[in-house]
Amino acid sequence: MPESRETVDFLLGFIRYGLNRIEMLRIVSVVGARPNFMKIAPIVAEMRRRFSRITSLLVHTGQHYDDSMSESFFEELNIPRADVNLGVGSASHAQQTGRIMLALEPVLQDFKPDWVVVVGDVNSTMAATLVASKLLVRVAHVEAGLRSRDRTMPEEINRVVTDALADLLLTPSRDADENLLREGIAPEKIRFVGNVMIDTLHYNLERAAASTVLDRLALVPKQYCVMTLHRPSNVDDKHTLQGILDATTAIAARQQVVFAIHPRTRARITEFGLDGELARQPRVILTEPLSYLDFLQLYSNSRLVLTDSGGIQEETTVLGVPCLTLRENTERPITVTEGTNRVIGNNPERIKCEAIDALDHPPQTTRVPEFWDGKAAQRIMDAIEEHGFGTEDSV
Ligand code: UD1
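Read on for an overview of the structure. (Residues numbered from 1 in each chain as written. Predicted model: local features only at pLDDT ≥ 70, side-chain atom pairs only at ≥ 80, totals over all residues. Heavy atoms only, no water.)

**Structural notes on the layout of surface pockets**
Next up, step 1: Estimates place the volume of the largest pocket at around 1,100 Å³.
Next up, step 2: Along the walls of the largest pocket sit 48 residues, with Pro35, His64, Met69, His230 and His262 positioned nearest its centre.
Next up, step 3: For the lining of the largest pocket, the elements supplying multiple residues, two or more each, are helix 2 (34-49), helix 4 (93-111), helix 6 (154-165), helix 12 (263-271), helix 14 (292-300) and helix 15 (311-319).
Next up, step 4: Each of domain 1 (2-194 + 373-387) and domain 2 (208-360) gives at least three residues to the lining of the largest pocket.
Next up, step 5: The wall of the second largest pocket is formed by 19 residues, among which Ala41, Pro42, Ala45, Arg49 and Tyr203 lie closest to the centre.
Next up, step 6: At seven residues, the largest contribution of residues to the lining of the second largest pocket is made by helix 2.
Next up, step 7: For the lining of the second largest pocket, the residue count by class is nine nonpolar, five polar and five charged. (1 Å grid on protein atoms, 1.4 Å probe; cavity = no way out; pocket = protein on both sides within 12 Å on 5 of 7 lines; lining within 4 Å. Points joined across faces, edges and corners; volume = space filled by probe spheres on them. Helix = DSSP H or I, 4+ residues; strand = E, 2+ residues; numbered from the N terminus. Domains from an automatic or database assignment. Nonpolar A, V, L, I, M, F, W, Y, C, P; charged D, E, K, R; others polar.)

**Thoughts on helix 15**
Next up, step 1: For helix 15, the tally of buried residues reaches eight of nine residues, placing the bulk of the element in the interior.
Next up, step 2: Within two residues after helix 15, Gly320 carries a phi angle of roughly 70°, on the positive side. (Buried < 20%, exposed > 50% of the residue type's maximum accessible area, 1.4 Å probe, protein only.)

**Looking at helix 6**
Next up, step 1: Between its first and last C-alpha, helix 6 extends 17 Å over twelve residues, near the 16 Å set by a 1.5 Å rise per residue.
Next up, step 2: Buried within helix 6 we find Glu155, Glu156, Asn158, Arg159, Val160, Thr162 and Asp163.
Next up, step 3: Check the buried side of helix 6 and you find it contacts strand 4 (115-119), helix 5 (123-134), strand 5 (138-142), strand 6 (168-171) and helix 7 (174-182). (Expected span 1.5 Å × (residues − 1). Contact = heavy atoms within 4.5 Å.)

**Some remarks on the environment of Arg266**
Next up, step 1: Along the chain, the position of Arg266 falls in helix 12.
Next up, step 2: We classify Arg266 as partly exposed; its relative accessible area is 31%.
Next up, step 3: When the C-alpha positions of Arg266 and Glu288 are compared, they lie 8.8 Å apart, and in sequence the two are 22 residues distant.

**With respect to the site of the ligand**
Next up, step 1: Taken together, 17 residues sit near the ligand, with His64, Asn123, Glu155, His230 and Arg264 positioned nearest.
Next up, step 2: Interatomic distance of 2.9 Å between a backbone N/O atom of Tyr65 and an oxygen atom of the ligand.
Next up, step 3: Protein contacts shield 85% of the accessible area of the ligand, which totals 740 Å² for the unbound molecule.
Next up, step 4: When atom positions are compared with the pocket grids, the ligand is found to occupy the largest pocket.
Next up, step 5: Among the secondary structure elements, those contributing two or more residues to the shell around the ligand are helix 4 and helix 12.
Next up, step 6: Built from parts of two domains, the shell around the ligand gets at least three residues from each of domain 1 (2-194 + 373-387) and domain 2 (208-360). (Near = heavy atom within 4 Å. Polar contact = N/O pair within 3.5 Å; in protein donor to acceptor, adjacent residues only side chain to side chain. Areas by Shrake-Rupley, 256 points an atom, 1.4 Å probe, with all protein chains shown as cover. Sits in = over half its atoms within 2 Å of the grid points.)

**Regarding the pattern of salt bridges**
Next up, step 1: Scanning all chains against the criterion turns up 31 salt bridges.
Next up, step 2: A salt bridge links Glu314 to Arg332, with the shortest nitrogen-to-oxygen separation between them at 2.7 Å. With a gap of 18 residues between them, Glu314 in helix 15 and Arg332 in the loop between strand 12 (323-325) and helix 16 (334-337) connect regions that are remote in the sequence.
Next up, step 3: Glu314 sits in the buried class, given a relative accessible area of 2%.
Next up, step 4: For Arg332, a relative accessible area of 4% translates into the label buried.
Next up, step 5: Through salt bridges with shared partners, a single network forms among Lys39, Asp121, Glu143, Glu156, Arg159, Glu314, Arg327, Glu331 and Arg332. (Salt bridge = Lys/Arg side-chain N within 4 Å of Asp/Glu carboxyl O.)

**Structural notes on the sheet that holds strand 3 (residues 84-85)**
Next up, step 1: Taking strand neighbours across the sheet as the criterion, the seven strands line up as 3-2-1-4-5-6-7 in an open arrangement whose pairing is parallel. In the strand order of this sheet, the two ends are held by strand 3 and strand 7 (190-192), each with one partner.
Next up, step 2: The sheet contact formed by strand 6 and strand 7 spans three bridges and is parallel. Bridge pairing in strand 7 links Leu169 to Ile190.
Next up, step 3: Packed on one face of the sheet, helix 4 meets strand 1 (25-31), strand 2 (54-60), strand 3 and strand 4 and runs near 170° to strand 2.
Next up, step 4: Across the sheet, helix 5 touches strand 1, strand 4 and strand 5, and the angle it forms with strand 4 is around 160°. (Pairing = 2+ DSSP bridges. Axes fitted to C-alpha atoms, helices over the stretch in contact; angles between N-to-C directions.)

What follows is the structure, encoded as structure tokens:
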């Protein structure tokens, strides 16, 4: 039936023509370091669902480059391979930030996005925001408004700069909104969307149950603690690091501790000659950085987590796992007021006492904060689409 075939071809052509005429929102997402990957995964998935309205480009700055810090997350979280890898690697803050800026500028000039989406508070977040803002490309910052009020933390500087420049500030909790308003950010730029990292947590909880990590490390659920450390304030000074490791050994006498070692921490342990002592502690189990699913399975079954990470404070809150934060402050106070977190600093005696207390008296039921519900990525993309297209004079 040639007529009907022609009619179908004509209609298909017409639809294709129509689709080409629809203006697509052009978005560049920028990631660089491990904690960015679990935040971008649900956002990229949501953009793909909206493929008829959004054209997107994923840029990896290459700030983190080891397989265990980067590639394994892309694979497990089904993040498509980055369209562009800037390959900047490790360097001093100024060099790393500068390299990202130099390499990203031509990418944005070429792609001409309406939006750049940045997540979290790492150097890649701030560098991308600076480049986009100067090219008059609008920036959406996911996880805006968190403040530790501690300017000795490089991440705090990244947060303040990013939020001062961003055009759309997507916040994970109400306290973040208040911080931004106090800093004079216009209310219409702020949107409370919830915690996107918890989207990834919900999505992967069942998949993580298939991980063999507990068998591989010969662990029994709820009979071990997990520790992660990587903040310069904890690992870059020998005396401080030694004190934390001594406290860990003391805790391990009571309950096995699994220590997943970040590359920065590994380098310092070797530099300070602490490897031998650590290796002699049979109840402290050392591992390389774990993949997302292995780590989720590990901490979700643990009795207690000791960490200086930001994200882990949030993840333990959602899963009701007791968490001790080895820092003087937190930019995530909701994990203390509503969750399982206690901020205890890095004094060895205090770490030991707090850990024993947490093992003896685990916190009772906690609340999951508002909008930490697995739907943050939808709200993020709704907000960006509502704000729509860039200005005429951009790039
Ligand atoms: C960065 C982020 C921090 C985040 C952390 C998560 C900044 C300022 N800091 O800190 O907010 O919590 O990532 O991991 O952006 N290294 C490797 N392989 C890698 C990556 C790093 O060996 O794939 C080593 C290098 O020796 C490097 C050091 O780790 O010098 C530090 O890496 P860098 O990206 O500068 O900072 P992080 O401490 O990882």
